[in-house]
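A closer look at the structure
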Amino acid sequence: MSIDALAAPTLDPSPGVDRWAAVGEDLAAAEEARRARMRRMRFDTIAVHGVYDMAAALDNQGSILEPTYLSPAQHFVDSDQLETALAYRMPAWGYTRIANPTLHYLEETLALLETYGTRLTASAHVAASGMAAIHIATSPFLADRGSSAPRPNIVVSAKCYGGTFMLFSERYGRERGIDIRWVTDPMDLAAWDCVIDESTRFVYGELPSNPALAMFDTAAVAEIAHARGLPLIVDSTVATPALLRPLGLGADIVVHSLSKAIGGSGLAIGGALIARHDLVWVAGTDEQRADFARWVKLLPARDHGGGLAPLSAMAILSDLRDLRLRMDAWSATTLAVARFLDGHPAVESVAYPGLPGQPGYDLATRDMWLADGDATGRPANRYGSLLAFTVRGGALAARRIFDRFELIWRATDLGRVKSVATIPAISTHQQQGEEGRALAAVPSGQIRLSVGGEHADDLIADLARVLDD
């Protein structure tokens, strides 16, 4: 999309505005050259550098690290630059609610990582939380089309995070009258296809899902959605771009809770949407389809006001640098823990896409690959750092085991360097009620375990101690 595609009309044009617009074109071209250069690099190099190069460092007093801009607002040279910038005719940030240099560096890095290994280009928008990102990624598709339009609907995998379930069922369904069409078995392609019609606005799935660790065929579901002119939105928080890049499989938009494995230190809350350029949305405008994330950032997200704080962006950007290495190590530990649990007599079932025999194992093995392979460069499947297990004895047994952990933390978080467990039925999925939990297949005796950086032997010992009793 051209630099002025989103430009606002000026009431009293000044010759200086066009001069600043020309400067803006040069700045935009220089950054595109930096993007093009980074697209030739490997995943780890992109994660470490993003688009912040030596020239950018010299513009920031030589700082090797991306600077953290805490100021709420940008100072302008003169009124012409101010007008040009706020008309979106040149790169600028203006006000941190709209944009900020630190956020920009994080967004550029995420967009490059999500399109790694493909010929696609994309843009990103970061938000105050994962739920904020999901809201801003989905709400534009629900715009009112007039009273004569049929009741809109959305098609969503029921195997999703509890907060997502509540956003769709309560905020969209009950409060706004959107028809929520849940797909209870996302592996069943016919279940997606049969509920999509001319009133569907978007298709949404999560993989691997939280806490069921369910998979679905991204490429096939994208084909189903695209045949109706609809976008496919995928929450890929659990996998991260180190293991799965849905845009390359046909998805149009990827959302993340940056508070999870991407921001693995646990120092910040944040979210992101990454949208490929020229996404499928037959009802959208040319500008919306061409660069959805930029359109969202500069227009609806500007007005909703859910921007990410610069300090949070910097914390997440720092965590992002070793993402692939962490996901490699954590996945190996998680697989070892999953195998232990799968063989324990006190455990009824284990949900982890890396275990043969799991419903989504074949899909996960086809689609989930560690970027750039293992330490020797050989292709390597990695299945992430989240698992869930259901204990024999139901809810009371799960509580008894959960309450006795000594190394594994009891919390609702996941994706952290410290291993954390929760009982979804009484925490992340509590508010959706028994009917909602049944729809999402969340049993009362299930414990969700997010595996971190501890040694596998120590985690297994903590689990064995409580399960053997």
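For the structure, see preceding data.
We now turn to the structure provided with this report. All residue numbers here refer to positions counted from 1 along the written sequence of the relevant chain. With the structure being a predicted model, the display of local features is reserved for residues of pLDDT at least 70 and the display and counting of side-chain atom pairs for 80 or more, all residues being used for whole-chain, interface and lining totals. Just so you know, side-chain values use all the structure's heavy atoms and leave hydrogens and water out.

On to the overall build of the protein chain. Per the secondary structure count, the protein chain includes 18 helices and 12 strands. Atoms counted for the radius of gyration: C-alpha only. Globule rule: 2.2 Å times residue count to the power 0.38. Computed over its C-alpha atoms, the radius of gyration of the protein chain comes to 23 Å, within 12% of the 23 Å expected for a compact globule of 469 residues. Projected onto its principal axes, the C-alpha positions of the protein chain cover 80 × 60 × 35 Å. Going through the 469 residues of the protein chain one by one, you find that 57% of them count as buried. Contact definition: two residues touch when any of their heavy atoms are within 4.5 Å. At a minimum sequence separation of 6, the contacts of the protein chain that also span at least 24 residues come to 72%. Taking the average location of the 43 positive side-chain charges in the protein chain and that of its 56 negative ones, the two points are 2 Å from each other. Each helix is a run of DSSP H or I of at least 4 residues and each strand a run of E of at least 2, with the numbering of both proceeding from the N terminus. Under the scheme applied here, a residue whose accessible area is under 20% of the maximum for its type counts as buried, over 50% as exposed, and between as partly exposed, the area being computed with a 1.4 Å probe on protein chains only. For the purpose of charge, His is not counted, nor are the chain termini; Lys and Arg are scored as positive and Asp and Glu as negative. A charged residue contributes its charge at one atom only: NZ of Lys, CZ of Arg, CG of Asp or CD of Glu.

Two cysteine sulfurs form what is called a disulfide whenever their separation falls within 2.5 Å. Following the criterion strictly, the structure yields 0 disulfides and no others. Take C160: it sits in no disulfide, and the sulfur closest to it among the cysteines is that of C194, at 18 Å. Judged by relative accessible area, C160 falls into the buried class, the value being 1%. According to the relative accessible area criterion, C194 is exposed, its value standing at 60%.

Attention shifts here to unusual backbone geometry. Of the consecutive residues L207 and P208, the connecting peptide bond is found in the cis state with omega at -20°. Mapped onto the secondary structure, P208 falls in the loop between β4 (200–206) and α9 (218–227). Cis rather than trans, the peptide bond between N210 and P211 has omega equal to 10°. In this fold, P211 is placed in the loop between β4 and α9.

All right, on to the packing of aromatic side chains then. Think of a pair of aromatic rings as described by two things: how far the centres are apart, and how the planes are tilted against each other in angle. Between rings of Phe, Tyr and Trp, where Trp is taken as its six-membered ring, a pair exists when centres lie within 6.5 Å; planes separated by under 30 degrees are stacked, by over 60 edge-to-face, and by other angles tilted. The final tally for this structure, using the stated rule, is 16 aromatic pairs. Their ring planes at 80° and their centres at 5.6 Å tell us that F43 and Y116 sit as a pair that is edge-to-face. Here F43 is found in helix α2 (residues 43–49), whereas its partner Y116 is found in the loop between α5 (101–114) and β1 (122–127), with 73 residues between them in sequence. Measuring from ring centre to ring centre gives 5.1 Å for Y52 and Y105, while their planes differ by 80°; the resulting arrangement is edge-to-face.

Take the number of residues in a helix, subtract one, and multiply by 1.5 Å to get its expected span. End to end, helix α1 (residues 15–38) covers 36 Å across 24 residues, agreeing with the expected 34 Å (1.5 Å per residue, within 8%). Looking at α1, one finds that the buried residues are G16, V17, W20, A21, G24, E31, R35 and M38. On its buried face, α1 sits against α2, α4 (79–86) and α5.

Moving on, we get to the pattern of salt bridges. Side-chain pairs of opposite charge can arise whenever the charged atoms involved come near each other. One side-chain nitrogen of Lys or Arg within 4 Å of one carboxyl oxygen of Asp or Glu is enough to make a salt bridge. Within the structure shown, the criterion is met by 28 salt bridges. A salt bridge links E31 to R35; its shortest N-O distance comes to 3.3 Å. Placement of the pair is E31 and R35 together in helix α1, with a separation of 4 residues, close to one helical turn. For R35, a relative accessible area of 19% gives the class buried. Close ionic contact of E406 with R465 constitutes a salt bridge, the shortest N to O distance being 3.8 Å. Here R465 lies in helix α18 (residues 456–468) and E406 lies in the loop between α16 (394–402) and β10 (409–410), a separation of 59 residues in the sequence. A relative accessible area of 28% places R465 in the partly exposed class. In this structure, a network of salt bridges that share partners links the residues E31, E32, R34, R35, R39 and E108.

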